[in-house]
Amino acid sequence: PFASQDIELDQNSFFANSRTEGSIVRSFVYLNAANLTFGPVNDRQVTSLEMDGVIFGDNGAIVEQIKGNAVLGLKQNEYQQALRDGLRLQFDMPAKRPGSYQVRIAVRDRNSSKIGSASQFVAVPNLGNNQLAMSGVVLRAAAESSQKAMMSTGQRFRINSDVEFAFVIYNAALDPATHLPSLMMETKLFRDGKSVKSTADIPISGENQPDLTRLVI
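Note that the coordinates shown come from a computational prediction; the quantities given were computed from them, not determined experimentally.

K.L.:
Can you explain the overall build of the chain? Please cite residues and give values.
P.N.:
Helices and strands together make up the secondary structure of the chain, namely two helices and 17 strands. Projected onto its principal axes, the C-alpha coordinates of the chain cover approximately 60 × 45 × 35 Å. Each of the 217 residues in the chain was classed as buried or not, and the buried ones make up 41%. Intrachain contacts of the chain at a sequence separation of at least 6 include 63% that bridge at least 24 residues. Of the roughly 12600 Å² of accessible surface on the chain, 50% is carried by carbon and sulfur atoms. For the chain, the separation between the mean place of its 22 positive charges and that of its 22 negative charges on side chains is 3 Å.

K.L.:
Report on the sheet that holds strand β9 (residues 133–134), specifying residues and quantitative values.
P.N.:
Here three strands make up an open sheet; going across it, the order is β9-β12-β17 and the pairing antiparallel. Every interior strand has two partners, whereas the edge strands, β9 and β17 (214–216), have only one. Taken together, the two bridges between β9 and strand β12 (residues 168–170) define a ladder with antiparallel strand orientation. In the sheet register, Ala133 faces β12, and the bridge partner there is Tyr170.

K.L.:
I'd love a proper account of a nonpolar patch on the surface, names of residues and values included.
P.N.:
On the surface, a nonpolar cluster with roughly 410 Å² of combined accessible area is contributed by Met134, Val137, Leu139, Val163 and Phe165. For Val163, a relative accessible area of 36% gives the class partly exposed.

K.L.:
Help me get a handle on the side chain of Gln45, residues and values and all.
P.N.:
With respect to the secondary-structure elements, Gln45 resides in strand β4 (residues 44–56). A relative accessible area of 16% places Gln45 in the buried class. With sequence-adjacent residues up to four places away left out, Gln45 is seen in contact with Phe38, Gly39, Pro40, Leu72, Gly73, Leu74, Gln76 and Tyr79.

K.L.:
Can you explain the sheet that holds strand β1 (residues 9–18)? Please cite residues and give values.
P.N.:
In space, the three strands of this open sheet follow the order β1-β2-β6, with antiparallel pairing throughout. The strands lining the two open edges of the sheet, one partner per strand, are β1 and β6 (87–94). Recorded for the sheet is a direction-independent mean angle of 20 degrees between the axes of neighbouring strands. The pairing of strand β2 (residues 22–31) with β6 spans eight bridges and is classified as antiparallel. Looking at β6, one finds that Phe28 is bridged to Gln90.

K.L.:
Tell me about unusual backbone geometry, and name the residues and values.
P.N.:
Non-glycine residue Asn42 carries a positive phi angle of around 55 degrees. In this fold, Asn42 is placed in the loop between β3 (39–41) and β4. Even without glycine at this site, Asp192 takes up a positive phi of about 55 degrees. For Asp192, the location among the structural elements is in the loop between β14 (188–191) and β15 (194–198).

K.L.:
Quick one: what's the story with the pairing of β15, residue by residue and with numbers?
P.N.:
Counting buried positions along β15 gives zero out of five residues, so the element sits mostly on the surface. By the bridge criterion, four bridges tie β14 to β15 in an arrangement that is antiparallel. Residue pairing in the sheet places Arg191 in a bridge with Lys194 of β15. Counting the residues in the hairpin turn of β14 and β15 gives two residues, including Asp192, whose phi is positive at 55 degrees.

Here is what the cut-offs are and how they apply
Residues numbered from 1 in each chain as written. Predicted model: local features only at pLDDT ≥ 70, side-chain atom pairs only at ≥ 80, totals over all residues. Heavy atoms only, no water. Helix = DSSP H or I, 4+ residues; strand = E, 2+ residues; numbered from the N terminus. Buried < 20%, exposed > 50% of the residue type's maximum accessible area, 1.4 Å probe, protein only. Contact = heavy atoms within 4.5 Å. Areas by Shrake-Rupley, 256 points an atom, 1.4 Å probe, with all protein chains shown as cover. Lys, Arg positive; Asp, Glu negative; His and termini not counted. Charge placed at Lys NZ, Arg CZ, Asp CG, Glu CD. Pairing = 2+ DSSP bridges. Patch = residues over 30% accessible without salt bridge, like charges linked within 9 Å, V, L, I, M, F, W, Y side chains within 5 Å. Salt bridge = Lys/Arg side-chain N within 4 Å of Asp/Glu carboxyl O. Axes fitted to C-alpha atoms, helices over the stretch in contact; angles between N-to-C directions.

What follows is the structure, given as structure tokens:
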């Protein structure tokens, strides 16, 4: 099914970790709603989707495969917004071992049998060695909290909108005097492989962080 491309689908997959879930590969999946078949049910427009996620190891073998279903019922204003901006879904898969993986996501429209797919390479660090590590970087609307951005679906943004980013830092060493991390952050923005903007080093504060082993930035 991965060879078929009836549905426009974009994928943003990255590593994340929490105390409850452990290490996971989180995928934000964007779908062109105009490619999907909706039908009226009461006061909503409804579509039914099947999702298939596969993680391949560096030897090409399947190390994880999860199937899921989603029934989306949108109010009329939500349906019009989906046609304009697209649909955004979240798909999580466990990452049981550190390593480099290829993550592939396929979505099938149950009503039309149309299929779309995408893939991305993801590195899963070994947090057990207590070395500094980072999650993937998630873009967010400027008014959205870091925690919400890390847990919610991905987004596309309109021209001239204010966009920020969020990520999580793991295993930051603590300063013996302050008992807080001592970290600096440098940011670079790339477009088509070329750097278009960069910032000077910025200190990262660990104050008001509930878990110093997982700093949500």
